[in-house]
Amino acid sequence: MSNVLRTTLLLAALTALFLVIGGAIGGNQGVVIAFVFALLMNFASYWFSDKIVLTMYGAQEVSPREAPDLYRLVQRLAQRAGIPMPRVYIIPSDAPNAFATGRNPQHGALAVTEGIMRLLNEDELAGVLAHELGHIRNRDTLIMTVAATLAGAITMLAHMAQWGAIFGFGRRDEENGGGGVLGLLFMAILAPIAATLIQLAISRSREYFADSTGAGIAGSPSGLSRALEKLHYASQRLPMAANPATAHLFIVNPLTGGAWVNLFSTHPPIEERIRRLRRM
């Protein structure tokens, strides 16, 4: 199954989950209220997310004069990707990582840490930059905002269900053969978990797609596969002090943890990403 089809099916599943749970918990009015609130919050996040996240990590925009090699490499890859030249930033951090942001290709921004520039050679860095340009070209910021909007609306409906169970709004439904208070509580607990897992699956699918797109932009998957291998081990030795809400932006997960944390990871396993790239 292609990554585009997988993403489409996961978004459809998230939409269906929202409609089913919304109808069961809040009725038509509850669905509309939850969706509007989530849409407003995530619209603001979508519009201003680039400024927020770049400021959060102290990223400094650089000019061709300040970072000629990096700027020239990004410029060449952006031309190959067929997108406008993004703004280029350097993050003052020894942890090797990179991310792209911006609400569309016309407002793209690409940030790399000082650590990743020291760790990778030019071919490997080109693979990483091409991956991030792939995110910009594929409009992944928009896709993840849609997913976050639906997941946020489901979570909001779940909170409505909790209050409904507390104040006994489910008793009438129980008398009519519905799930009642216990049904509301059950749905309030499971719905946000299911929405989160689907949202994370969409994020992982976009990472695979950006790997594939980036390999095409760079002209070869070898640079990116070697870079991922280096970044995997380096990030374990020197994890980044990152906000979990922005972890999905980075090329490798800046957070470390065990199997339980990996279940809720925004990134697919590095080994599988490398295997797919080498198979290309």
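Let me begin by describing the structure that accompanies this report. (Residues numbered from 1 in each chain as written. Predicted model: local features only at pLDDT ≥ 70, side-chain atom pairs only at ≥ 80, totals over all residues. Heavy atoms only, no water.)

### Structural notes on the overall build of the protein
Alright, step 1. Helix and strand counts for the protein stand at 11 helices and 4 strands.
Alright, step 2. Relative to its full complement of 280 residues, the protein shows a buried share of 49%.
Alright, step 3. Expressed as a percentage of contacts within the protein between residues at least 6 apart in sequence, the contacts between residues at least 24 apart total 71%.
Alright, step 4. Entry remark: accessible area of the protein is about 13,700 Å², with carbon and sulfur atoms responsible for 62%. (Helix = DSSP H or I, 4+ residues; strand = E, 2+ residues; numbered from the N terminus. Buried < 20%, exposed > 50% of the residue type's maximum accessible area, 1.4 Å probe, protein only. Contact = heavy atoms within 4.5 Å. Areas by Shrake-Rupley, 256 points an atom, 1.4 Å probe, with all protein chains shown as cover.)

### Quick word on a nonpolar patch on the surface
Alright, step 1. A grouping of Phe-43, Trp-47, Phe-48, Ile-52 and Met-56 is seen on the molecular surface, where their side chains present a nonpolar patch of about 510 Å² in accessible area.
Alright, step 2. Mapped onto the elements of the fold, Phe-43 is located in helix H2 (residues 27-56).
Alright, step 3. With relative accessibility at 51%, the residue Phe-43 sits in the exposed group. (Patch = residues over 30% accessible without salt bridge, like charges linked within 9 Å, V, L, I, M, F, W, Y side chains within 5 Å. Salt bridge = Lys/Arg side-chain N within 4 Å of Asp/Glu carboxyl O.)

### Focus: the nonpolar core
Alright, step 1. Formed by 36 residues in total, the largest nonpolar core has its most connected members in Leu-70 and Leu-129.
Alright, step 2. Elements that contribute at least two residues to this core include exactly helix H3 (68-81), strand E2 (87-91), strand E3 (98-101), strand E4 (109-113), helix H5 (122-137), helix H8 (180-218), helix H9 (222-237) and helix H11 (270-279).
Alright, step 3. Setting aside residues no more than four positions away along its own chain, Leu-70 makes contact with Val-88, Ile-90, Val-112, Met-117, Leu-125 and Leu-129.
Alright, step 4. Ranked by size, the runner-up nonpolar core spans 17 residues in total, among them Leu-17, Phe-18, Ala-151 and Ile-198. (Core = buried A, V, L, I, M, F, W, Y, C linked by side-chain atoms within 4.5 Å.)

### Digging into the packing of aromatic side chains
Alright, step 1. Applying the stated criterion across every chain, the model contains 3 aromatic pairs.
Alright, step 2. Here Tyr-57 and Phe-99 contribute two aromatic rings whose centre-to-centre distance is 6.2 Å and whose plane-to-plane angle is 55°, an arrangement assigned as tilted. You can see Tyr-57 sitting in the loop between H2 and strand E1 (60-61) and its partner Phe-99 sitting in strand E3, a full 42 residues away along the chain.
Alright, step 3. Look at Tyr-57 and you get buried, because its relative accessible area is 9%. (Phe/Tyr/Trp six-rings, centres within 6.5 Å; stacked < 30°, edge-to-face > 60°.)

### Looking at unusual backbone geometry
Alright, step 1. At Arg-139, a residue that is not glycine, the phi angle is positive and equals roughly 55°.
Alright, step 2. Structurally, Arg-139 is set in the loop between H5 and helix H6 (140-166).
Alright, step 3. On the basis of relative accessible area, Arg-139 is assigned to the partly exposed category, the value being 40%.

### Description of the packing of H9 against H11
Alright, step 1. Packing of H9 against H11 brings their axes to within 9 Å, and their N-to-C directions diverge by 165°. It follows from the interaxial angle that H9 and H11 lie roughly antiparallel. The handedness of the crossing between H9 and H11 is left-handed. Listed contacts from H11 to Leu-224, Ser-225, Leu-228, Glu-229 and His-232 of H9 are Ile-270, Glu-271, Arg-273, Ile-274, Leu-277 and Arg-278. (Axes fitted to C-alpha atoms, helices over the stretch in contact; angles between N-to-C directions. Parallel < 35°, antiparallel > 145°, perpendicular 65-115°, else oblique. Left-handed = near helix turned anticlockwise from the far one by under 90°.)

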